[in-house]
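A look at the structure
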Amino acid sequence: METSAAPTLSRAPTFPTRDIEIVALHHASNESPSPTRRVRRRSIAVRITAAVLSCSAAATAQEIVEDGAASWYASVPQGRGVPCDNNGVPVVPNVTADFEGHASTADWCSSIFWERYPGNPYGNPMFPLPLALQASPDGLLLGRPPEATNTAFAFATPFGYDNAPMRITTGGLTGGQFAVAAAGDWTVTPRWSDDGRTLEATFGHGMPFVYAKSDGGRPVIDPRTSLGFELIEIDGREACFRIAGDVYAAYASAERTWQYTNGVLITDQLVPNDTFAVACLPDATAETRAMFLAAADARVIDSRASWSYDVANAEVVAEFEFILEPNTKATPIVALFRHQWLHAEIEPGAYLPTDLATSRGEMKLVPTATFTVRHPFNGLIPNLPDLGQSDPVRLAEEMAAVMTAPDLIGGDDTYWNGKSLGRAAMLLPIAEQLGDEPAADRLLAEMKAELEDWFDVSSANDDRFLAYQSTWGSVFGYPDAYGSTYQLNDHHFHYGYLIRTAAAIAQRDPAWATDWGGAVELLISDAANWDRSDDRFPFLRNFDPYAGHAHASGHGAFGNGNNQESSSESINFSAAVALWGATV
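Here goes a summary of the coordinates provided. Given the structure is predicted, the values throughout are model-derived calculations rather than measurements.

With 12 residues, helix H3 (residues 392-403) ought to run about 16 Å at 1.5 Å a step, and its terminal C-alpha atoms sit 16 Å apart, in line with that. Within H3, burial applies to Met 399, Val 402 and Met 403. End-on, the buried residues of H3 take up no more than an arc of 95°, which puts them together on one face. Seen from the buried face of H3, the exposed residues on the opposite side, beyond 90 degrees, are Val 393, Arg 394 and Glu 397. Tucked inside the fold, the buried residues of H3 contact helix H4 (416-434) and helix H5 (437-454). The backbone nitrogen of Val 393 has a side-chain oxygen 3.0 Å away, supplied by the residue at the start of H3, namely Asp 391.

Take a look at the structure:
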């Protein structure tokens, strides 16, 4: 335990570097893949049976889940790829014993859930914005991200051990245990534990604040003075300062104050289970400081998104809620991305007069715990209509050329077979528009056969199948591709093609959808679980509701944060899910 005397803190102007994995550019060819690279829910009767199937060299008993005609393995067969670290050793989620739910994979904060690099449970830089953060052995590094640089490879905002403006910690905390204690739809709370000292910190998208708890040691703010540190003022529980020109403030709990000693800010007394907060401010005016001080007690503990469709106005209505500690009277200050404030039901005068600049544009600040955004959505068309402006002769020739292929739908794994299926799903309506019944019939038949191969594990020699894994709450397809199993990558990309193909079949054969739809909705639930009561999967795995886009990497262990990599394939997944839902 810490004594009442001010401790001597170890200063680290340059923190230890960590290995980072370089994200691969999108798949360029089939020959040389890089390894890094409200839907209506039907009532289903699911039966679990035991069967003896050959999954690898040795036959092992393997439970099967059956849903209509579809079936998949209830667990991953021995010898198949599962999430692992950089050395190929299987990993489990880095969460505390009291963590509830599934780990957030394919998310902005996934690297702290997944020890991708052995010996480094602290993950990689995170960019929820307007803050950037990096967990470290002795606390949380945070600050405004540096100005973005456009390189030949990426649009980057380097952040981390070498340039983070500050570290927040508990006095005397060094190493020990680190794991994630809680997660919301766009917020996360990791916990550090070391020899009677603990630190918890909650942060996330749209949060200029980090809300922290400290036990066994006093709250500490350790600024990186080498970047240019200016202590503006200590006024009771508030300490306002600049680092590298950006304005920050630290807020102690009620009746506490800050002391600046030995180059750090530390509270005046040791209090069990103490709370504190730190925030980035748009300026240091008295008005802004007063508003942020009032928001310092609006401690966010969770976050939740919900949505509905306004048919009359053709709008998707999204609700965002920052959930606060019980009995909180204060109102938080939150930051909205441009795609949110352009369509938010917030009066212009409610926003703070000054914004926060980020690599994704200006984020507007507003005192509120909830807000609503309305986005126009006029629906989707399943395929381009024939407007009579194409050359039917040439189209017929092109179709005939395609149909000469002996293997109309190629590829073996979830990605390349999926892409080939997606192509067939696009060709089918063209064949129908041409009146080419043989071509349409063949396309439909082969699409069915390929999907049924994925969706059925009844064949003793079947090497193409789906398997659920409870450890990470995911479904894997085998053969896999581009780290879809061992890195949990790209599930919305791969499965989007399968779902799009299933939607095309369902439009023409509803009975097929009834028989095989269980497997389709299994894939949808894996990448975009819309049902919070379905505890097989995390909520909306790939889609980030606050950021408004998906993420591709399962572990997200990159120096510039997680990636999307293929926005077109992400949109393809979303369209496929919508078409399936509209059809069934």
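This part takes up the sheet that holds strand S8 (residues 166-170). Taken together, the 6 strands give an open sheet; going across it, the order is S4-S5-S8-S13-S18-S17, and neighbouring strands pair in antiparallel fashion. Edge positions in the open sheet fall to strand S4 (132-136) and strand S17 (258-261), since each of these has one partner strand only. Sheet twist, expressed as the average angle between the axes of neighbouring strands with direction ignored, equals 25°. Bridge analysis of strand S5 (residues 139-143) against S8 gives 3 bridges, and the strand direction is antiparallel. Bridge pairing in S8 places Leu 142 opposite Met 166.

Between Leu 129 and the following residue, Pro 130, the backbone shows a cis peptide bond with an omega angle of 15°. Considering the arrangement of structural elements, one finds Pro 130 in the loop between strand S3 (70-73) and S4. With an omega of 0°, the peptide bond running from Tyr 478 to Pro 479 counts as cis. Tracing the chain through its elements places Pro 479 in the loop between strand S27 (474-478) and helix H6 (491-508). In the Ramachandran plot, Ala 106 falls in the positive-phi region, its phi being about 50° despite a non-glycine side chain. For Ala 106, the location among the structural elements is in the loop between S3 and S4.

So, about H4. The end-to-end C-alpha distance of H4, which contains 19 residues, comes to 27 Å, matching closely the 27 Å that a straight helix rising 1.5 Å per residue would cover. Within H4, burial applies to Trp 416, Asn 417, Gly 418, Ser 420, Leu 421, Gly 422, Ala 424, Ala 425, Leu 427, Leu 428, Pro 429 and Ala 431. Gly 435 sits one or two positions beyond H4 and adopts a positive phi of about 75°.

Topologically, Val 366 is positioned in strand S24 (residues 361-367). Note on Val 366: relative accessible area 3%, which makes it buried. Here the alpha-carbon distance between Val 366 and Pro 332, two residues 34 residues apart in the chain, equals 8.4 Å. Excluding residues that lie within four positions of it along the chain, Val 366 makes contacts with Pro 332, Ile 333, Val 334, Leu 336, Ile 346, Ala 350, Tyr 351 and Leu 352.

Put simply, side chains in a regular strand alternate between the two faces of the sheet. Of the two faces of strand S22 (residues 333-336), the one carrying Ile 333 and Ala 335 and the one carrying Val 334 and Leu 336 are both buried. Here S22 runs beside S24; their pairing, made up of 4 bridges, is antiparallel. Note on S24: the bridge partner recorded for Ile 333 is Pro 367.

This next bit is on the nonpolar core. In this structure, Ile 168, Phe 209 and Val 210 are the most contacted members of the largest nonpolar core, which totals 96 residues. In this structure Ile 168 touches Asp 138, Gly 139, Leu 140, Leu 142, Leu 199, Val 210, Ala 212, Val 220, Ile 221, Phe 276 and Val 278, once residues within four positions along its chain are discounted. Ranked by size, the runner-up nonpolar core spans 54 residues in total, among them Val 65, Tyr 495, Ala 519 and Trp 580.

Turning our attention to the packing of H6 against helix H7 (residues 510-528). Interhelical geometry of H6 versus H7 gives an angle of 160° and a closest axis separation of 10 Å. Considered as vectors, H6 and H7 are oriented roughly antiparallel to each other. The handedness of the crossing between H6 and H7 is left-handed. On H7, the residues touching His 491, His 492, Tyr 495, Leu 498, Ile 499, Ala 502, Ile 505, Ala 506 and Arg 508 of H6 are Pro 510, Trp 512, Ala 513, Val 520, Leu 523, Ile 524, Asp 526 and Ala 527. Partitioning the contact of H6 with H7 into residue classes produces 13 nonpolar, 2 polar and 2 charged.

Here we come to the packing of H5 against H6. The axes of two packed helices give the description: the angle between them and the distance between them. Between H5 and H6, whose axes approach to 10 Å, the crossing angle comes to 130°. Between H5 and H6, the interaxial angle falls into the category oblique. As H5 packs across H6, the resulting crossing turns out to be left-handed. In this structure, H5 uses Leu 444, Met 447, Lys 448, Leu 451 and Trp 454 to contact H6, whose residues at the interface are Leu 498, Thr 501, Ala 502, Ala 504, Ile 505 and Arg 508. The residue makeup of the contact of H5 with H6, split by class, is 8 nonpolar, 1 polar and 2 charged.

Cut-offs used in this document
- Residues numbered from 1 in each chain as written.
- Predicted model: local features only at pLDDT ≥ 70, side-chain atom pairs only at ≥ 80, totals over all residues.
- Heavy atoms only, no water.
- Helix = DSSP H or I, 4+ residues; strand = E, 2+ residues; numbered from the N terminus.
- Expected span 1.5 Å × (residues − 1).
- Buried < 20%, exposed > 50% of the residue type's maximum accessible area, 1.4 Å probe, protein only.
- Arc of directions from axis to C-beta.
- Contact = heavy atoms within 4.5 Å.
- Polar contact = N/O pair within 3.5 Å; in protein donor to acceptor, adjacent residues only side chain to side chain.
- Pairing = 2+ DSSP bridges.
- Axes fitted to C-alpha atoms, helices over the stretch in contact; angles between N-to-C directions.
- Core = buried A, V, L, I, M, F, W, Y, C linked by side-chain atoms within 4.5 Å.
- Parallel < 35°, antiparallel > 145°, perpendicular 65-115°, else oblique.
- Left-handed = near helix turned anticlockwise from the far one by under 90°.
- Nonpolar A, V, L, I, M, F, W, Y, C, P; charged D, E, K, R; others polar.

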